[in-house]
Structures are given as structure tokens and as C-alpha cells.
Amino acid sequence: MEKFVTLNASSMSSASFLPIGFSSPCLKSAVSAQRRRVHVTRASIAVDQQAQTKVAVIRVGTRGSPLALAQAYETRERLIASYPDLAEEGAIQIVIIKTTGDKILSQPLADIGGKGLFTKEIDEALINGDIDIAVHSMKDVPTYLPEKTILPCNLPREDVRDAFISLTAASLAELPLGSTIGTASLRRKSQILHRYPSLNVLENFRGNVQTRLKKLNEGVVQATLLALAGLKRLNMTENVSSILPIEDMLPAVAQGAIGIACRSDDEIMANYIASLNHEETRLAIACERAFLTTLDGSCRTPIAGYAHQGEDGDCIFKGLVASPDGTRVIETSRKGPYTYDDMIQMGEDAGKELLSKAGPGFFGN
């Protein structure tokens, strides 16, 4: 039986939760000549593991990383804003669940099971009734959902772009030849090497945000890329050297989006979380996941996809697949009505086009 740690959410203010003691966010567009250090203060969370005096109305399942907890607390605050009664002490509890992806950091994700490594144990806890809702980073959610669960809610999406972080350079272009960039993402690796083949990429650069920045400080790598969305949610944007344009680094499918799941037979929880849904985000994520599903992509295939609403109200979608070494990048785009059926169709059509262009063997594991 998986062991859970329960946090009495209502007894902790948002300020006391935020694990990173950083100053106000500011984006750095330039880097001083002298070596600087990024801020990597470790999380410190007081956890009361004594039996709760009151049964929670909603038990929120989440991973235990600072970013996952930030997302769980954002969910809590939105629930309280919509349902003030949930502000009562003990009404919402945060339940930390350690997943396989959190336990095994020494191997690439693809080698230990790929998609689902950050959601499997949380989904099991949901199905078994140990929690009532599950909060996920949508880019970690497999394209299929486990039986007996639904995911009717996406919170408003954060900035989807990737952030470049370095102690000595302001951008990828400024890194000296042969510099090493750390990332666990084949998507990032392939797009970096496609534009800057003289750079090196250290694979399996895994761990939470704090762990990766610590390795950067220690000189393991000269730079790294992280999702800007996570840095914003952790109030850590002062570490950012520059932000990569979408044109230079297409995001991962569903990057920056939070999803909330519940059991398919739990109408009460479904109603709670459906009221938090941001429909524009939900449709964009559905389009991107339809693209990914059509490609049947694995953690061994660099895939990127991004859908958003243009100024005229239509959906604009762009997707790509690449070889891991970046020597081959195949792109496509679509534009059409911002409606569920049309956007699903766009994602599927884009995926079929890239499958055809890539040819046999391109997606081989």
C-alpha cells in the first residue's frame, strides 16, 4: 500500500506554503560578465502527520515536488473562491503521493516506462478512494485515462514558452562552442541541436527545478532549459536569462496546463472541479493531445505541439517531430474554428501528415 502524507491545507496560508524564498520576479535580458548564481533555496514544508480531527470534504492528491504542491494549492484557492464553505478548517486536505517518476531519477524516463510515471500512483489512489481529486501537470498525463476516471477540468494555462538559464550567457546563441546544456527532454535536445549543432546536450538531466538549478550552480552544465510556467508558479523567474520564442522552441504538448481528475462515478467532485474549468485551455489541450495520440509518440520520439486562439478567434496549431540528434525536423501547421470537434480534427490531421512525411521507422523505439 502506498504511503501518503496528508497536509491540512486550510491551516497553512498560501504564503507559508510557497517553498521558495525568492524576491519579486523579474526577467533578466542580459547576464553580467561576472559569474552569477541562481537561487535554489530548498523547500521546507511543515507537515502535520497526526490524525486529522475532521474528515476532509475534498482530499487533493498530488506529487510532493514544490511545483506540484504549488499547483495543488492553486487548485485549493480556486475551489475556495468558488465555494467559500471550503475555506473552513479541514475542508480541503492535500495528500502527497510519491510516484515512480519521483523515486527513480538515475535513468531516462523512456527506460523505466515513459508516460504515466508521474501519474500512475496518483491515479491508483483516486480509483481506490484514498483521494477525491487528482491534480496533474497535463504534459505528464498519458493520452489515455485510466478506467473509472475522468478529467473534466483544465485550469487557465500559464505561459507555454521555455526559459533559458545560464550563469554566463544570455541566450543559446551566446554559449561558446562545445558548451553543455542539461535537459531530460528529447524535444528540447532535438530543437537545440537543429539550430546549434556545435553545442552538447547532457541527457537524463532530471530532478525538480531546485535540483536542476543546483547542478547548474555546481558547474555540471553551462545552461539548462526549464518551462517558464513552472518558474512563474514557483516565483522563480529572477533566475531566467532569456525566454525562447515559440518559433525557436516549440513547447511540449500541454505544457503550462494543469488538469484535475476525479472518479467517473463521483458526481459531487465532478461538479466541483468542472466549475473551475477554463474552456479555452481545455480545447487547446484536446487539440494537442489528439495530435500526440495520432502520432502514438513515446518518450523516445521528440514531439512538440501548440494550439492557441488567434486574434481573429480561430485556432492556430503548429506541430513537429524530429530525430533525437536534430538533423531532421518535420513541421506542420493548421488553422480553423475554435470548437472542440474542429480542433480534434486539426490535431489528428496534423499528426497523420507528419506520420506520412516521416516515413516508416522514424518512430521506432
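The protein chain goes by hydroxymethylbilane synthase in an unreviewed UniProt entry, where it is assigned to Datura stramonium. As recorded by UniProt, the Sequence similarities (unreviewed entry) comment attached to the protein chain reads in full: "Belongs to the HMBS family." Per UniProt, the comment on the protein chain under Pathway (unreviewed entry) is "Porphyrin-containing compound metabolism; protoporphyrin-IX biosynthesis; coproporphyrinogen-III from 5-aminolevulinate: step 2/4."

Visitor: Tell me what's going on with helix α5 (residues 186-195), and back it up with residues and numbers.
Guide: Of all ten residues making up α5, eight are buried, and the element is well covered by its neighbours. Those residues of α5 lying buried are Leu186, Arg187, Arg188, Lys189, Ser190, Gln191, Ile192 and Leu193.

Visitor: Talk me through the state of the cysteines; I want residue IDs and the actual numbers.
Guide: Overall, the coordinates contain zero disulfides when judged by the stated rule. With no disulfide of its own, Cys262 lies 9.6 Å from the sulfur of Cys153, the closest cysteine sulfur.

Visitor: If you had to explain the packing of aromatic side chains to someone new, which residues and values would you point to?
Guide: Taken as a whole and judged by the stated rule, the model has two aromatic pairs. Both rings, one in Tyr83 and one in Tyr272, keep their centres 4.8 Å apart while their planes meet at 90 degrees; by these two values the pair is edge-to-face. With a gap of 189 residues between them, Tyr83 in the loop between α2 (66-82) and β3 (92-97) and Tyr272 in helix α8 (residues 267-274) connect regions that are remote in the sequence. Take Tyr83: its relative accessible area is 27%, and that puts it in the partly exposed class. Judged by relative accessible area, Tyr272 falls into the buried class, the value being 17%. When the centroid spacing of 5.0 Å and the interplanar angle of 65 degrees are considered together, the rings of Phe291 and Phe317 count as edge-to-face. With Phe291 in helix α9 (residues 279-295) and Phe317 in strand β13 (residues 315-322), this residue pair connects regions lying 26 residues apart in the sequence. Using a relative accessible area of 0% as the deciding quantity, one classes Phe291 as buried. By relative accessible area, Phe317 is classed as buried at 0%.

Visitor: How would you explain the sheet that holds β13 if you had to name every residue and give the values?
Guide: If you trace the three strands from one edge of the open sheet to the other, you get β12-β13-β14, paired in antiparallel fashion. Edge positions in the sheet fall to β12 (303-309) and β14 (329-336), since each of these pairs with one other strand and no more. Neighbour-to-neighbour, the strand axes of this sheet turn through a mean angle of 10 degrees, independent of strand direction. With eight bridges connecting them, β13 and β14 associate as antiparallel partners. Each residue of the ladder has a partner; that of Leu320, found in β14, is Glu331. The sheet strands contacting α5 are β12, β13 and β14, and the helix crosses β12 at an angle near 95 degrees. Across the sheet, α9 lies against β12 and β13, angled at about 150 degrees from β12, the strand it touches most.

Visitor: An account of the sheet that holds strand β10 (residues 242-243) is requested, with residue identities and associated values reported.
Guide: Reading across from one edge, β8-β7-β9-β6-β10 is the order of the five strands in this open sheet, with mixed pairing throughout. Only two strands of the sheet have a single partner each, and these edge strands are β8 (200-202) and β10. Pairing analysis gives two bridges linking strand β6 (residues 162-166) to β10, with the strands arranged antiparallel. Across the sheet, Phe164 pairs through a bridge with Ser242, a residue of β10. Against the sheet, α5 engages β6, β7 (180-182), β8 and β9 (223-227), with an angle of about 130 degrees to β9. Lying over the sheet, helix α6 (residues 209-217) contacts β6 and β9, oriented at roughly 165 degrees with respect to β9.

Conventions we followed
- Residues numbered from 1 in each chain as written.
- Predicted model: local features only at pLDDT ≥ 70, side-chain atom pairs only at ≥ 80, totals over all residues.
- Heavy atoms only, no water.
- UniProt positions renumbered as here; feature names shortened; annotations may be inferred.
- Buried < 20%, exposed > 50% of the residue type's maximum accessible area, 1.4 Å probe, protein only.
- Helix = DSSP H or I, 4+ residues; strand = E, 2+ residues; numbered from the N terminus.
- Disulfide = S-S within 2.5 Å.
- Phe/Tyr/Trp six-rings, centres within 6.5 Å; stacked < 30°, edge-to-face > 60°.
- Pairing = 2+ DSSP bridges.
- Axes fitted to C-alpha atoms, helices over the stretch in contact; angles between N-to-C directions.
- Contact = heavy atoms within 4.5 Å.

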